[in-house]
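Residue strings, one per chain:
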Amino acid sequence: MDSKDGAAPRMRHLSIRTARQSDPADGSAGEEVVEGGRGGAVKEGRRLEGERRGEEEPVSPGGRLFHQRGFDCYIVAIMGYAKPIDVGVVKSGLEKTLVRHPRFCSIPVVLDETGGTKSTWVPAKVVVDDHIVIPDLADPRRITTSPDQLVEDYIASLTCIPMDHSRPLWELHVLNFPTSDAAAVAVLRLHHSLGDGVSLMSLLLACTRKSSHPDSLPTVPSHYSRRPPAPKRLHARVFTLLLWLWAFLILTWNTLVDVVCFTATSIFLKDTPTPLMGSQGVEQRPKRIVHRSVSLDDIKDVKNAMHCTINDVLVGVTSAGLSRYLSRRQEQNSNDDDKNKNKKKKELPSNLRLRSTLLVNIRPAPGIHALAELMEGRDDGTKWGNLIGYIILPFEIFNHKDPLDYVRRGKAIADRKKNSLEAIFTYKSAELVVKCLGIKAAAKLCHRMLTHTTLSFSNMVGPVEEIEFFGHPLVYLAPSAYGHPQALTIHFQSYMNTMKIVLAVDDKVISDPHQLLVDFAESLKIIREAIPARS
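This is a predicted model, so every value here is computed, not measured.

What follows is about the overall build of the protein chain. The helix and strand inventory of the protein chain stands at 15 helices and 17 strands. Counting only contacts in the protein chain whose residues sit at least 6 apart along the sequence, the fraction spanning at least 24 positions is 81%. Within the structure as shown, the protein chain displays about 25,300 Å² of accessible surface, and the carbon and sulfur contribution to it stands at 55%.

Here it is in structure tokens:
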């Protein structure tokens, strides 16, 4: 699997270590000792600082946040391919695309910024072979006996290993053996300081092309809001003005309520303890990333029948899946000897508080066409960076008799959050904390807010047709994130006619993540089947 030009990517000997096999109480885990580290990055950055001072860019507060203790976050994109990976072809493609992006050829030098010093992105020479990792697996026999579990265990062990901060913070891991749903798998690992999830996924898609038209960029659905034409009659204008006034009042009220809720959560308001809540130090433990595909057409059928959006359906399905999972855990923990007591425990508490956090980039994500031009050197005006705000999204945990009630409640919750400036407030408040108290205080604030909620939730739209990654047809795309202080991260990623459900879990807390995936899939099936029954 050497490159065609004779240069060999890194061969990494890595014994598979998972959370079930080790419990890093002191925060250290994994088999590999990475050279360099942050101290090496600072030294290398200061050396390059004198050479290329004019090319440096400042690290955004969001980027600095992801380098703080307890908040060292990473994004992973698991990609399944329809044929074995030609490492030489992929290397050549990366040199022509991804490596040309400023963040992927720079080293972040993150300082405390006392005494007028600033954290900066320092340009560095990129040796692509250093960023392509072909693991030397400890037990090659598992490639034929249990390849899916081997991939899952390898990625879990990867979440224990710190990235080498003396070079640009990205890696491509090549697992060149067939699994149940792909001929080969690649795992792209990125440090979260490089950008927000949507921007980084857009950048990845900008490196791909349509399988049907190899010279064309993928087609990703966009949502445009068409402004209604201005009314001409006087009474119509008055009515429109009243509607705008009413909308402004709703926006103001919702924002005020969300600000109070966010402040209370940051100080004292915690979610109800459930089997999904992580314990102290959860961000330092390995994460197991599992995924499952469901039909995007089924989701669209529910969307059309309920006159809502795909995101509304996903919120409802998540609420139903979590309710189903927690009900089972409630039964398993009940006392079999006392049937009356057991009967009470089967019912989930009606006042159970379970909320998720959503990271929202205030700066609109650049489109894949703009990013493609940026990597080709034809556009230098594309904006990039972590301008991140938070949204707290509650999930209703309840056993509804009508499955469609989950979607109705999901739509009501999502509609309310759309009419709020919560994300802008949280970003501005974090910016104010950074200016007044420093980045460490802002990191503690974000850490406290995340530990007071249960999970992270996100949803991204993918290409509608098959795409190729440097000539390799993509079978599936499963992105996720780890390093934040929560035991569960839920992500939905659409691709062609499927929706991928991706979970990143601490399996010391959630020992059966595949069962949770089944609960999500079954919940969607039940909701979908409830449509014709009601019509």
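Having seen the model, we can carry on.
Our focus in this paragraph is the packing of helix H9 (residues 310-332) against helix H12 (residues 404-418). Relative to each other, H9 and H12 sit at 125 degrees, their axes nearing to 7 Å. One way to sum up the angle between H9 and H12 is to call them oblique. Of the two elements, H9 crosses H12, and the hand of that crossing is right-handed. For the pair H9 and H12, the contacting residues are Asn311, Asp312, Val313, Val315, Gly316, Ser319, Ala320 and Ser323 in the first and Tyr406, Val407, Gly410, Lys411, Ala414, Asp415 and Lys418 in the second.

What follows covers the packing of aromatic side chains. Applying the stated rule across the entire model yields eight aromatic pairs. Judged by centre distance (6.3 Å) and plane angle (90 degrees), the ring pair of Phe262 and Phe425 falls under edge-to-face. Here the residue Phe262 occupies a position in helix H7 (residues 234-267), and Phe425 occupies one in helix H13 (residues 422-437), the gap between them amounting to 163 residues. Members of the aromatic cluster, joined through ring pairs, are Tyr81, Phe469 and Phe470. Lying across the ring of Tyr476, Lys500 places its NZ or CZ 4.5 Å from the centre.

What follows covers the sheet that holds strand E4 (residues 106-109). With antiparallel pairing, the three strands of this open sheet are ordered in space as E2-E5-E4. Taken across any chain shown, the strands that pair with only one partner, and hence form the sheet edges, are strand E2 (57-58) and E4. Inspection of the sheet shows E4 paired to strand E5 (residues 120-123) by four bridges, in the antiparallel sense. From the neighbouring strand, Ile107 faces E5, where its bridge partner is Val122.

Counting 50 residues, the largest nonpolar core has Leu322, Leu354, Phe395, Phe457, Leu488, Ile490 and Leu503 as the members making the most contacts within it. What Leu488 contacts, discounting residues up to four positions off in sequence, is Leu276, Leu322, Thr454, Leu455, Ser456, Leu503, Ala504, Val505, Ile510 and Leu516. The next biggest cluster of nonpolar side chains, apart from the first, holds 38 residues, and it includes Ile85, Val174, Ala184 and Tyr495.

Within the secondary structure, Ser323 sits in helix H9. The buried category is assigned to Ser323, whose relative accessible area is 0%. There is a polar contact of 3.1 Å between the side chain of Ser323 and the backbone nitrogen of Phe398.

This paragraph deals with the sheet that holds strand E17 (residues 498-505). Ordered in space as E10-E17-E16-E13-E11-E12, the six strands form an open sheet in which the pairing is mixed. Looking at which strands have only one partner, the edges of the open sheet turn out to be strand E10 (288-295) and strand E12 (388-395). Neighbour-to-neighbour, the strand axes of the sheet open up by a mean angle of 25 degrees, direction not taken into account. When strand E11 (residues 354-361) meets E12, the two strands line up antiparallel, connected through eight bridges.

Once that is clear, we can look at helix H3 (residues 87-96). Taken together, the buried positions of H3 are Val87, Gly88, Val90, Lys91, Gly93 and Leu94. In this fold, the buried residues of H3 make contact with strand E6 (132-137), strand E7 (170-175), strand E14 (467-469) and strand E15 (472-482).

This part covers unusual backbone geometry. Here His307, not a glycine, exhibits a phi torsion of approximately 55 degrees, which is positive. Positionally, His307 belongs in the loop between helix H8 (296-306) and H9. Non-glycine residue Met496 carries a positive phi angle of around 55 degrees.

The buried fraction of E11 is high, at six of eight residues. One ladder, built from two bridges, connects E11 with strand E13 (residues 455-460); its direction is parallel. The partner of Ser356 across the bridge, within E13, is Leu455.

This brings us to the environment of Lys508. Mapped onto the elements of the fold, Lys508 is located in the loop between E17 and helix H15 (513-534). Owing to a relative accessible area of 45%, Lys508 belongs among the partly exposed residues under this scheme. Spatially, the C-alpha atoms of Lys508 and Arg285 are 8.8 Å apart, while their sequence positions differ by 223 residues.

Looking at the secondary structure, you find Glu422 in helix H13. A polar contact of 2.9 Å, which involves the side chain of Glu422, links it to the side chain of Lys417. In contact with Glu422, not counting residues within four places along its chain, are Asp258, Tyr390, Ile391, Ile392 and Lys417.

The next thing to look at is the confidence of the model for the protein chain. Detail in the predicted coordinates should be disregarded across regions flagged by low pLDDT. For the protein chain, per-residue confidence averages 82 on the pLDDT scale, and 78% of positions sit at 70 or higher. Within the model, pLDDT remains below 50 along residues 1-7, and this stretch shows 17 contacts once partners closer than five positions in the same chain are excluded. The low-confidence segment residues 15-54 (pLDDT under 50) makes 70 contacts with residues lying over four places distant or belonging to another chain.

Here we take up a nonpolar patch on the surface. Together, Val238, Leu242, Leu245, Trp246, Phe248, Leu249 and Ile250 make up an exposed nonpolar region whose accessible area comes to about 710 Å². Mapped onto the secondary structure, Leu242 falls in helix H7. What makes Leu242 exposed here is its relative accessible area of 52%.

Taken as a whole and assessed by the stated rule, the structure comprises 23 salt bridges. Measuring nitrogen to oxygen at the nearest pair gives 3.0 Å for the salt bridge that ties Asp507 to Arg288. Of the two residues, Asp507 is situated in the loop between E17 and H15 and Arg288 in strand E10; the sequence distance between them amounts to 219 residues. For Asp507, a relative accessible area of 6% corresponds to the buried category. Ionic pairing is found between Asp402 and Arg408, a salt bridge with its closest N-O pair at 3.2 Å. Among the residues examined, Asp402 registers a relative accessible area of 16% and is labelled buried.

Definitions and cut-offs
- Residues numbered from 1 in each chain as written.
- Predicted model: local features only at pLDDT ≥ 70, side-chain atom pairs only at ≥ 80, totals over all residues.
- Heavy atoms only, no water.
- Helix = DSSP H or I, 4+ residues; strand = E, 2+ residues; numbered from the N terminus.
- Contact = heavy atoms within 4.5 Å.
- Areas by Shrake-Rupley, 256 points an atom, 1.4 Å probe, with all protein chains shown as cover.
- Axes fitted to C-alpha atoms, helices over the stretch in contact; angles between N-to-C directions.
- Parallel < 35°, antiparallel > 145°, perpendicular 65-115°, else oblique.
- Left-handed = near helix turned anticlockwise from the far one by under 90°.
- Phe/Tyr/Trp six-rings, centres within 6.5 Å; stacked < 30°, edge-to-face > 60°.
- Lys NZ or Arg CZ within 6 Å of the ring centre and 35° of its normal.
- Pairing = 2+ DSSP bridges.
- Core = buried A, V, L, I, M, F, W, Y, C linked by side-chain atoms within 4.5 Å.
- Buried < 20%, exposed > 50% of the residue type's maximum accessible area, 1.4 Å probe, protein only.
- Polar contact = N/O pair within 3.5 Å; in protein donor to acceptor, adjacent residues only side chain to side chain.
- pLDDT = per-residue confidence, 0-100.
- Patch = residues over 30% accessible without salt bridge, like charges linked within 9 Å, V, L, I, M, F, W, Y side chains within 5 Å.
- Salt bridge = Lys/Arg side-chain N within 4 Å of Asp/Glu carboxyl O.

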